Structure formats: C-alpha cells, structure tokens
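Residues per chain are reported as follows:
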Amino acid sequence: MAESRYDVAVIGAGPGGYTAAFHAADLGLRTALIDEDPQLGGTCLLRGCIPSKALLHAARLITEAEEAAAWGIQFDKPRIDLTVFRDRVQTIIGKLTKGVRTLAGSRKVDVIQGRAMLKDATTLRLSGSDTPRELSFAHAIFATGSQPLTPASLKLDDPRVMDSTSALQLTDIPARLLVIGGGYIGLELGTVYQALGSAVTVVEAMPRLLNSVDADLVRPLHQCLQRRFKAIRLNTTVERLEAREEGLVATFTDSQGASTETFDRVLVAVGRSPSTGRLGLEHTQITVTSKGFIHVDRQMRTTEPTIFAIGDVVGEPMLAHKATHEGLVAAQVIAGRQTVFDAAAIPAVVFTDPEIAWCGLTEETAKASGQVVKVARFPWAASGRATTLGRTEGLTKLILDAESGRVLGMGLCGVGAGELIAEGVLAIEMGALAEDVAASIHPHPTLSETVMETAESFSGSPTHLFVPKRS
Amino acid sequence: MNVELPFLAEGIEGGDVVQLLVREGEQVREGQSLIELETDKATVPVPAPAAGTVVRLLVRPGDHVTVGQALIDLDGSEDEPQKAKTFPSERSTAAPAPNPDPREKAGHAEVMEHQEHEPTHPMTPLPEPAQPAVEPKPRTAPTSSAGPGIPAPPSVRRLARELGVDLSQVKGSEAGGRITADDVKVFVRERTKRGASPSAGSSTYSTPYGSERRASLPSIRRKIASNMTQAWTTIPHVHQFQDADITDLMALHKRYAPEFKKKGATLTLSSLFLKAIVHALKLYPQLNATLDLTNGEVIYKDYYNIGVAVDTPDGLIVPVVHHVDQKDLLQISLELADLAERTRKRAIKLEELQGATFTLSNMGGIGAGPFLPIINPPQVGILGVGKARMTPVYRDGQFVPRRVLQLCVAYDHRLIDGAIGARFTNELVKVLEDFQGMFLGL
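Residues numbered from 1 in each chain as written. Chains lettered and ligands numbered in written order. Predicted model: local features only at pLDDT ≥ 70, side-chain atom pairs only at ≥ 80, totals over all residues. Heavy atoms only, no water.

Asks: Residues and numbers for helix α13 (residues 449-456) of chain A, please.
Replies: Because an α-helix completes one turn every 3.6 residues, residues spaced three or four positions apart along the sequence face the same direction. Residue and element names in this part refer to chain A. Burial of α13 is extensive: eight of the eight residues sit out of reach of the surface. Those residues of α13 not exposed but buried are Glu 449, Thr 450, Val 451, Met 452, Glu 453, Thr 454, Ala 455 and Glu 456. Of the surrounding secondary structure, the elements contacted by the buried residues of α13 are β20 (373-379), β21 (395-401), β22 (407-414), α11 (417-429) and α12 (434-439). (Buried < 20%, exposed > 50% of the residue type's maximum accessible area, 1.4 Å probe, protein only. Helix = DSSP H or I, 4+ residues; strand = E, 2+ residues; numbered from the N terminus. Contact = heavy atoms within 4.5 Å.)

The structure is reproduced here in structure tokens:
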C-alpha cells in the first residue's frame, strides 16, 4: 500500500541528496531521504572524499617528518599500526555520518533505509531491510551518484585487484602497487600507499597525468611524484592482468612494445560511471545520455516533469560540491523558487602533495576554443611564504580576458592550493578584474599573496617578480 | 547652468526618463525638448528653459527623476555652433516648443479653455534616441561555451532571472562590462517603456502546481494599483443600481447618427451619457464636488469636466472632456473620439488627464453586464454602465420588448446621503428615458 504522499522523495543520501532533502524540508516540504546504506553520507563520506582525505592527512604527516631532515630534525622511521589507523578513519566517518543523521532528524526529514525503484512517475517501490512497500511522491530527486568503473579486460575475481572503495579499506600495505589511471583518484591513493611504504607504479594511457588540467600546473606535481613513485608510465595501457600466486602480472603496451611486470596489488582508477541501473527509469519518461547520465535541464529537472536528478548521476564533473549546489537548486525549484544552476565556476581540487586546484576557464580550453585570453603566472619561488615552507615548486596562474583583465579562470599547484582556489571562484562569480584582485590587500606572509601578485602582472610587474616590458 | 526638472502638475513629483532627445555638444533652442519623461499619467517632454549648448547629460534613460533634480548641464552661451552635431532639418520643425512654461500651464489646467486642436504633440517621434542604454552584446568568442560567460555576480543573475532579463542583452556599466543590479533595473524600465513583447519581459518557471510566468509590472499598472487601493480603502462607496429604458434613446441615436456622420463625427452612447450626467450634476451639485476633510469643507465645482475611462493596451487611462456643459453633442462626440484615440496611443497630454469632476465608465462596447465602479478621488461619484439588454417590460397591461440598461452610480457616502444619490440616479434614468425632455427643461 502506498502510504501518505511525500512532497519530495530524495533517493541517495550523499552530499547532493542530503542537501536537497534538508533544503526541501526547510522550505516546508514533507521530505523522505532514502538510501540503501544504513549510514548516511554516500560516496563522499563513506568511501570517497572524507576517508581519502583522512588517509592523505596521515600520509602527509609521514612525508613531512621526512622533510624535517632538511631542517636538521631527525625522526626515526615511523611504525604504522594499521588497526589504529583504520579505526581512526572509521571514527571520523562515524562522527560525520551521525552528524548528518542528527541534522535530518532535527529537520523532520524521514530517513528510510532501502533500495528504491520507480514504479511510475509518482511512485517508488522500496525493498531492503524493511518490508517491501510503496511510497508515493509529488516530486523525486535522484541523487544516486556513481561507482568505480572497471574495464572488462581488468576484471579479475581476485581481492588483490582493488577499486577506490576497497583501496580505502587499507587491508594491507603492498610492497609493489600498480595504479592504473593517472587521474586524481589514482594519484591521491597512490600518494597514500607510497607514504605508507609501497613502491608505486602509475600507468596512464594519455600523454600526461591529470589530462584535463593545464600542463604547467601538472608539471610540479609530476616532478614530486617522480621522486616518490617507483615509476610513472605515460602513453601506456594495461592490456591484461593475470592473477598468479606470487602476484598480479600486468602486461603493458607502450611505444616500445609490450612488457610485463608483477605487483602485489593493483588499484584500478580509470574513472567512475553514473549509478542509473535498477532504478526503474524505464517506467518513466526519463532519458539517459550515451554515457549513461540522466538528462536534466538547468533546473535539474529530468524529462519526466515530476522527477529531478542531481550530482554524479547527471554528469561531470563528479564532485560533491557540484552535487550539493545542484541539490539546493532542485529543492528550491520544487518549492516554487525561480532558480537555475548557473555557476560560473566549479572548483576542482586534487589532494596530492603538492595539491592542484583550478576553476573556471583553463588555458588549454581557451586555446582550443580560440578565445583571446591573457595568462598571468606567478611562480612560488618568488613567494616568501613558500620559501619558509620549503615548498617553492608551486605556481599560481590566472586566465584573464585579454582586453578587460576580467578573471575567467584560476589554477594553482602547491601546498594548500585547495584552500586558495576559493578566491578564484569568488573573483569569477563576481566578475572581478585582475585590477580588483590586485587592489585587494592579501595578508603577509601567506601563499594567498601569490594570487594578488599574479593579478598585478596583468597590467605591470608584481612586486616580487620582475617582468620585463615587451616592446 | 543645470536644467532642473520643473514642476509639471499637481500630484506629479517626478517620472522616469524615457529618452534623451539631445546629445552632449548639441545646440538647443529655447523651448526645445530635452528629454522625454514618463509620469504616472502621460509622457511629457521637458523643454529647454533657454538656448545653449548641452555640456553634459546628467540622467540616463530609465532614471527616475524628481522635481528639482538636475537633468542636463546647459551652457547658456550660443557659441561654437559647429560643435553641435547636425541633425536632419525636420527635427527642428518636428519638435516645436510645446510648453514654454509648463508650470503656468499646469496651474491653470483646470480652468483653461479647451484646446482641441493644439498642434503640439508630446510624443513627436524623433529620429533616434540619443543614448541607447541597451545594445546587443558583441560576442568576442565564436563558440565559447567554456568558462564564465557574462560578468554578473550571482545576486545579479538571480535578479535577472526574477525579472525575466536575458543578461546577454544587458550592457554592464562597470569595469570589464560587469553588470550591476542597477544595470538590470534600468534595462527593465527601458524595456517596459519600449513596449517590448510581454514574453521578453517575463520568464516561465515551474511550481508544484504547474508552470507560471513572472512579468515586471509597468509603472502605469503600479500607479493604477496604488490608486485603486487608496480609492477602495478610503472611500465608503454606495452603489446605487437603477434600470433605464433606453429604447427611445436608441431610436434617437439611430435617427441622428447619420447626421453626425455627415459632419465627420460618431454619435456614441457615451456622448449622450455625458450630457445626461451633466444635467443630473447640475441638479445635485454634491456629486460635482470634492471633500476637503483637512479644512472641513466641501468644494463645489462650477465646471463640469467628465473623465471617460479608456481601455488601452497599457492599462486603464481616464482622459477628461472638459466643460461638457458648454459643448454641444457634436463637439463632445468629436472630442471624445480624438481623446480616446490619442489615449490609446499614449499621445495624450498631461492636462487632458486632469481636472475631472465626475467619471463615466462605459463597458457596453465590450458587452459587459452591470458592475460596481470604483470612485476616482478626489471625485465623489462615478457612473458605470454595461450593455443594454432587450427585456420584457410590463406596460399598459402587456409585456413589450424594451431595451433596458442597468446602470450603477457609485458615490462617496461621506459626502452624499443615500437619498441624494438615489435622486441623482433617478434623474439620470429620467434623462436617458426621455432625452428630448431635458432640452425642453422638463
């Protein structure tokens, strides 16, 4: 029997889903939040951003202790208790997911554990721990997220082949780890395992790591990783994986031909695919793109008017903060507000060491589209703060409108880049000019000064860098 | 010298600049129109108080200006005529000095002699607006969907959505073309004035109950809304119904309409109603009066100016036929047709909208039934008529088909008692039923 109708049923309790549910409830709508997992938080909290950042923090402690030697501070080689390590990560997750549940309760959002499937455009069929039942809704928001993608050629029924989810569980520290995929997931997890003691080999089919990021931002990271990792193999594909007792044998193909190498574990991090399976979309008018993403308009409405979709399931970039913003838009649209998703810039951060962050227009996209831009760069070698940190490999750049100097994009490579990028987002959203950024006083001595100095070089020479005038 | 917005008329504190009719550096003659201003009631030109050169324009289209505000910096000396941009010669003749001194004219609006054929025309079309605030944004990149598009902060983008504004059409006033909230508001005012299609000024969106459309409220509509609220909430209305058998009046109309036509006029029922109203007002002067509660007085008016509600594409506007008592039916018919026509085109002059002592709202033309009209203060009465209907009337022992008009007089009960109001209404009916009787002094 369909029980009393909900104004909004949100399927998926990741950051997109719970944000949508919370705001729907705040806007006076009767809201249900449905997830298969007994813990709320979705990929981000349970097997994504949060655990990976906890691991990266620990990795950073280890590498910083190593870097201390340069200051004359010697630490012994660290002893790692994996049980405590794993518990600590679980505690962090537990604390945050409990927080989400408390917030849901105080907003009177009904949290339902179960698997939801559409019966028609206004009814969900629920299965799972509770007895199967139906739930009717005026509006639904699908926030079912994405899952790690494993190509068929790399599918082995062997626990030594991991995806990002199993890699985060940190079952052991393999002596030899192969990371397939030089994207942000592979590099972040590779960084963690390397710090913990693994010899890491990264294989990337494209000619560089982080293929969608401007090359000059990737270069400093590449150089750091080259020192830490055993090997970074670009323009290389993994033809096949073979499980043997002594290890997993990978067959690589590159311009030199084929070669094999044996590893103790393999992490497959070639991408993620939207979770649209077994949702009963076929019982509605919802349409899906060739890549499997649900079609939505700028109000996050699918081709079925009662149903909205947000987050990874509607397309790239698959980022929690994009999902949250979309969730907000969907809830407001359902409540009758006149909102659209029209962000001018969605920031992206790679939490490696150094970090890479960017937002808005990239230099390479501008070039490809023929847009006339001026690129201003400021190398961190000229930053006092970077020098005190002993981390001068960084770079700050701004992509500016050639004529007005309006900030169209920003990119950073360096420690703390993820915290610095927010300024670029604000500048872009506010339509700020390089002049505006340059005229805003930045605190000294901080890395944020590099943003100001980059902006200064649009119309002249920044204080700490001499740019000879072109005549 | 700064040219300030002069006093225009009683109750008009300012208006929105529709367009600038001169450019910086242009030579102007005394009395030449400098800007076109939209007030709550009409679009009026603001004349140059003296000849000179426009040094600087101090307002932009869309600005709201109030009386006394500086509009234009005018250099009184007439030198450097070569600096003035040469304009097509027809401009100087197309825009003759309309109101050398609007202050004086407005002050006498209520007692002025009628000027049916005044040659000046406030809406004289001019070749080009001086400074378009809006222009299509040139696209710099051929197909740059990547990266941030329009330089407008999120708060301004939200405002634009709410007002149904396509930001790519708005020119930003700040450095780098950044669009401010004010730019969006100016754009909307401008658009309203240009009478853009409603779809351009609105945006459709979804709600839980279906789709809706939001459109900005034109200033005339805002004014109507505030007037109606004031009238309805402050005036205790009495609505007095009465039936008028206008069969004979229709026969009279039928008989004389061709005669009027020969003279180039259309005899309408409205013209006949105006005459009937004036006749009844003369007998019951309380209805041709204004209540002055501040001074505890009644102002009885010795002139009979009747406002006639006109349905225009922009909304309800009420032009006034002045001194109806001194005009014959032919004059009234000619004047009424001309006023209505110019009202629909928004080419009516401010003074033609002022000074009414009573109002007629005739909705017969659109086949309306009886309705309750709302008094337009400071008047104290209004007549509302719909369409007459063929009705069986019991007469001399039998039912006969008669054309019966159900009319409704609304009067301000603070000033007019029910007995007076009823007698006034009955007098109206009496005249409508026996129009010739009125001329015979019956």
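Asks: For the pairing of strand β13 (residues 297-300) of chain B, give the residues involved together with the corresponding values.
Replies: All names here are of chain B. Judged from the four bridges that link them, strand β12 (residues 289-292) and β13 form a sheet pairing that is antiparallel. Within the sheet, the bridge partner assigned to Leu 291 lies in β13 and is Val 298. In this antiparallel pair of consecutive strands, β12 and β13, the connection spans four residues, and Gly 296 shows a positive phi of 65 degrees. (Pairing = 2+ DSSP bridges.)

Asks: A description of unusual backbone geometry should follow, citing residues and the corresponding values.
Replies: Excluding glycine, a negative phi dihedral is what most residues carry, and trans is how most peptide bonds are arranged. Across the junction of Glu 316 of chain A and Pro 317 of chain A, the peptide omega takes the value -10 degrees, indicating a cis bond. As for its position among the elements, Pro 317 of chain A is in the loop between β17 (307-309) and α8 (320-334). A cis amide bond links His 444 of chain A with the next residue in sequence, Pro 445 of chain A, at an omega value of -5 degrees. Here Pro 445 of chain A lies in the loop between α12 and α13. With a phi angle near 45 degrees, Leu 210 of chain A is a residue other than glycine that sits in the positive phi range. Among the structural elements, Leu 210 of chain A can be located in the loop between β10 (199-203) and α7 (215-228). Accessibility expressed as a relative area gives 5% for Leu 210 of chain A, which makes it buried. The phi dihedral of Arg 346 of chain B falls on the positive side, at around 55 degrees, and the residue is not glycine. Tracing the backbone shows Arg 346 of chain B in the loop between α8 (329-344) and β18 (358-362).

Asks: Requested: an account of the packing of aromatic side chains, with residues and values cited.
Replies: Per the stated rule, a full pass over the model turns up five aromatic pairs over all chains. Seen from their ring centres, Tyr 284 of chain B and Phe 424 of chain B are 6.5 Å apart, and the 85 degrees between their planes marks the pair as edge-to-face. Linking Tyr 284 of chain B in the loop between α7 (269-283) and β12 with Phe 424 of chain B in helix α9 (residues 418-433), this pair joins segments that are 140 residues apart in sequence. Judged by its relative accessible area of 16%, Tyr 284 of chain B falls in the buried class. Look at Phe 424 of chain B and you get buried, because its relative accessible area is 0%. Pairwise contacts between aromatic rings join Tyr 284, Phe 358 and Phe 424 of chain B into one cluster. Above the plane of the ring of Tyr 6 of chain A lies Arg 30 of chain A, whose end atom (NZ or CZ) is 4.1 Å from the centre. One Lys or Arg, Lys 282 of chain B, reaches over the ring of Tyr 304 of chain B and ends 5.6 Å from the middle of that ring. (Phe/Tyr/Trp six-rings, centres within 6.5 Å; stacked < 30°, edge-to-face > 60°. Lys NZ or Arg CZ within 6 Å of the ring centre and 35° of its normal.)

Asks: I'd love a proper account of the pattern of salt bridges, names of residues and values included.
Replies: All names here are of chain A. Under the defined criterion, the tally for this structure stands at 48 salt bridges over all chains. Lys 119 is the partner of Glu 134 in a salt bridge, and the nearest nitrogen-oxygen pair spans 3.4 Å. In this pair, Glu 134 is assigned in strand β6 (residues 133-142) and Lys 119 in strand β4 (residues 115-120), connecting sequence segments 15 residues apart. Overall, Glu 134 belongs to the buried group, its relative accessible area being 19%. With a shortest N-O distance of 2.7 Å, Glu 363 and Arg 377 are connected by a salt bridge. In this pair, Glu 363 is assigned in helix α9 (residues 363-369) and Arg 377 in strand β20, connecting sequence segments 14 residues apart. Arg 377 sits in the partly exposed class, given a relative accessible area of 34%. The structure contains a network of salt bridges with shared partners spanning Arg 60, Glu 64, Glu 67, Arg 228, Asp 353, Arg 391 and Glu 393. (Salt bridge = Lys/Arg side-chain N within 4 Å of Asp/Glu carboxyl O.)

Asks: Before we move on, can you summarise the sheet that holds strand β11 (residues 231-233) of chain A with the specific residues and values?
Replies: Backbone-to-backbone hydrogen bonds pair the strands of a sheet. The strands run either parallel or antiparallel. Residues and elements named next belong to chain A. Spatial ordering of the open sheet is given by β8-β15-β9-β10-β11, a layout of five strands whose pairing is parallel. What marks the edges here is a single partner per strand, and that holds for β8 (161-162) and β11. The sheet contact formed by β10 and β11 spans three bridges and is parallel. What sits directly across from Thr 201, in β11, is Ala 231.

Asks: With reference to specific residues and values, describe the nonpolar core.
Replies: Residues and elements named next belong to chain A. Ranked by size, the top nonpolar core spans 94 residues in total, and within it Ile 34, Leu 124, Ile 141, Phe 142 and Ile 356 carry the most contacts. The dominant element in this core, judged by the number of residues it contributes, is helix α6 (residues 184-196), at seven residues. The contact partners of Ile 34, leaving out residues within four places of it in the chain, are Ala 9, Val 10, Ile 11, Gly 12, Ala 13, Ile 112, Gly 114, Ala 116, Leu 124, Leu 126 and Leu 135. (Core = buried A, V, L, I, M, F, W, Y, C linked by side-chain atoms within 4.5 Å.)

Asks: Any details on a nonpolar patch on the surface? Residues and values, ideally.
Replies: A surface patch of nonpolar side chains, about 380 Å² in accessible area, is lined by Trp 71, Ile 73 and Phe 75 of chain A. Following the sequence through the fold, Phe 75 of chain A ends up in the loop between α3 (49-67) and α4 (82-106). (Patch = residues over 30% accessible without salt bridge, like charges linked within 9 Å, V, L, I, M, F, W, Y side chains within 5 Å. Areas by Shrake-Rupley, 256 points an atom, 1.4 Å probe, with all protein chains shown as cover.)

Asks: Any chance you could break down the pairing of strand β13 (residues 247-254) of chain A for me, citing the residues and the numbers?
Replies: All names here are of chain A. In terms of residue burial, β13 counts as a mostly covered element, since six of its eight residues are buried. One ladder, built from seven bridges, connects strand β12 (residues 237-244) with β13; its direction is antiparallel. Paired with Glu 242 across the two strands is Val 249, which belongs to β13. The hairpin formed by β12 and β13 contains two residues between the paired strands. Taken together, β13 and the strand that follows it, strand β14 (residues 257-263), pair antiparallel across an intervening segment of two residues.

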